[in-house]
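# Structural features, examined
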Amino acid sequence: MWRQSNKLTKILKLTALFGVLGIVGLNIATVVAATVSQGYKSSTNLALGTVVSTKTDGSQVVETTLDNESRMVGVIIGSNQSVIDVQPGGSDVRVATSGQVTVLVSDVNGQIKAGDNLVISPLSGVAAKDIPDSSAKKYIAIASEDFNSNSPNAKKVKIGYNDGSSHDVLVGTITAKMNLVDRPNDATIKKENFFIALVSRIIGKQVSRNQLLAATAVFITTFIVTGLMLQGSIRGSFVAIGRNPLSKSTILSNLFKIVAIGLLILEVGAASAYIILVV
């Protein structure tokens, strides 16, 4: 009985430890999500929110296009928009490489919704939502808000095509979370889009790829931890009953408490995964 009580105490302490670690992890995640910028030189006046790449020699930054997106470094931001700012001598522009930023976007690939991956558009330095037939090779960021004709800062711009025709598109700014990674191939994108669409339909809100991955990781980790804890407790309880049948009622009572704690941990994990998807 003393051993079972001691074991229950250890589990309660472990549960409390997980709670503390969760709070610490949340604070660390907040720091990690902070905007980080680096100084670069530019020979032209680049507007805030412009997506930029380095020149071939790396000496300066210029507006990103489909031709130089492999050297993409980030988005132009203001002097007071970053938490961590690295400014080498001679720098005259700040480029955000991570965190939440304001980015120039266009609806040339369709209206943007929160959670959409952003890629470089045919307009130099301007992002657009990712579409299956996009020629982009890299992601820029994940949209944090919608962009359409009702957006307060949306302005019409006429763009010309190679065949001599022209078309009006909307250009403006939205907030987005930097996500400078390679764009997956078309087969992978289709598979991801299926699961993202399914989860979005269940949640009732558009979710991003990163949200889906984070929520899945949290739930699977919680499920494994809970499973291991319950497996050890159930096995230990039956072994204890075999050795001391007279203590069966006490052992089972403690086992039910451990099962209840395990289910509580599982519920917390599921709730955390859900919060990641809806926030």
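Residues numbered from 1 in each chain as written. Predicted model: local features only at pLDDT ≥ 70, side-chain atom pairs only at ≥ 80, totals over all residues. Heavy atoms only, no water.

A tally of regular secondary structure across the protein chain gives four helices and 12 strands. Across the 279 residues in the protein chain, those meeting the buried criterion constitute 38%. Considering only intrachain contacts with a sequence separation of at least 6, the fraction spanning at least 24 residues in the protein chain is 63%. (Helix = DSSP H or I, 4+ residues; strand = E, 2+ residues; numbered from the N terminus. Buried < 20%, exposed > 50% of the residue type's maximum accessible area, 1.4 Å probe, protein only. Contact = heavy atoms within 4.5 Å.)

This brings us to helix H3 (residues 209-243). Across its 35 residues, H3 extends 51 Å between first and last C-alpha, which sits within 8% of the 51 Å expected from 1.5 Å per residue. Regarding H3, the residues found buried are Gln211, Leu212, Ala215, Thr222, Thr226, Met229, Leu230, Ser233, Ser237, Ala240 and Ile241. (Expected span 1.5 Å × (residues − 1).)

Once that is clear, we can look at the pairing of strand S4 (residues 72-77). Burial within S4 is extensive, with six of its six residues counted as buried. Bridge count for strand S2 (residues 51-54) against S4 is three bridges, and the pairing is antiparallel. In the sheet register, serine 53 faces S4, and the bridge partner there is methionine 72. (Pairing = 2+ DSSP bridges.)

Attention now goes to the nonpolar core. In terms of nonpolar packing, the biggest core is built from 23 residues, with Val51, Val103, Val105, Leu118, Ile140 and Ile174 touching the most fellow members. Where this core is concerned, the elements lending two or more residues are S4, strand S7 (100-106), strand S8 (117-120), strand S10 (141-143) and strand S12 (166-178). Of the residues forming this core, the biggest block, four residues, is contributed by S12. Once residues within four sequence positions are removed from consideration, valine 51 is found in contact with Val62, Glu63, Thr64, Met72, Gly74, Val75, Val103, Ile120, Gly125, Ala127 and Ile140. Counting residues in each nonpolar core, the second largest holds eight residues, with Leu46, Val52, Val73 and Val93 among its members. (Core = buried A, V, L, I, M, F, W, Y, C linked by side-chain atoms within 4.5 Å.)

So, on to the pattern of salt bridges. When the charged atoms of two side chains lie near each other, side chains of opposite charge can form a pair. Across all of its chains, the model carries three salt bridges by this definition. Two residues, aspartate 182 and lysine 138, come together in a salt bridge whose shortest N-O distance is 3.1 Å. You can see aspartate 182 sitting in the loop between S12 and helix H2 (186-203) and its partner lysine 138 sitting in the loop between strand S9 (127-129) and S10, a full 44 residues away along the chain. Given a relative accessible area of 57%, aspartate 182 falls into the exposed group. Here aspartate 168 ties to lysine 158 by a salt bridge, and the two come within 3.2 Å at their closest N and O atoms. You can see aspartate 168 sitting in strand S12 and its partner lysine 158 sitting in strand S11 (residues 155-160), a full 10 residues away along the chain. Judged by relative accessible area, which is 39%, aspartate 168 ranks as partly exposed. Given the relative accessible area of 57%, lysine 158 is considered exposed. (Salt bridge = Lys/Arg side-chain N within 4 Å of Asp/Glu carboxyl O.)

Turning to the packing of H3 against helix H4 (residues 248-278), a few remarks are in order. The N-to-C vectors of H3 and H4 enclose an angle of 175 degrees; their axes lie 8 Å apart at closest approach. Between H3 and H4, the crossing angle belongs to the class labelled roughly antiparallel. Classifying every residue of the contact of H3 with H4 by side-chain character gives 23 nonpolar, eight polar and one charged. (Axes fitted to C-alpha atoms, helices over the stretch in contact; angles between N-to-C directions. Parallel < 35°, antiparallel > 145°, perpendicular 65-115°, else oblique. Nonpolar A, V, L, I, M, F, W, Y, C, P; charged D, E, K, R; others polar.)

A separate point is the environment of valine 61. Tracing the chain through its elements places valine 61 in strand S3 (residues 61-63). When its relative accessible area of 0% is taken as the criterion, valine 61 is described as buried. Other than its neighbours up to four places away in sequence, valine 61 contacts Tyr40, Lys41, Ser42, Leu46, Val52, Ser53, Thr54, Val73 and Val93.

With respect to the element layout, threonine 226 can be found in helix H3. Only 2.8 Å separates the side chain of threonine 226 from the backbone oxygen of threonine 222, close enough to count as a polar contact. Setting aside its immediate chain neighbours within four residues, threonine 226 contacts Gly262, Ile265 and Leu266. (Polar contact = N/O pair within 3.5 Å; in protein donor to acceptor, adjacent residues only side chain to side chain.)

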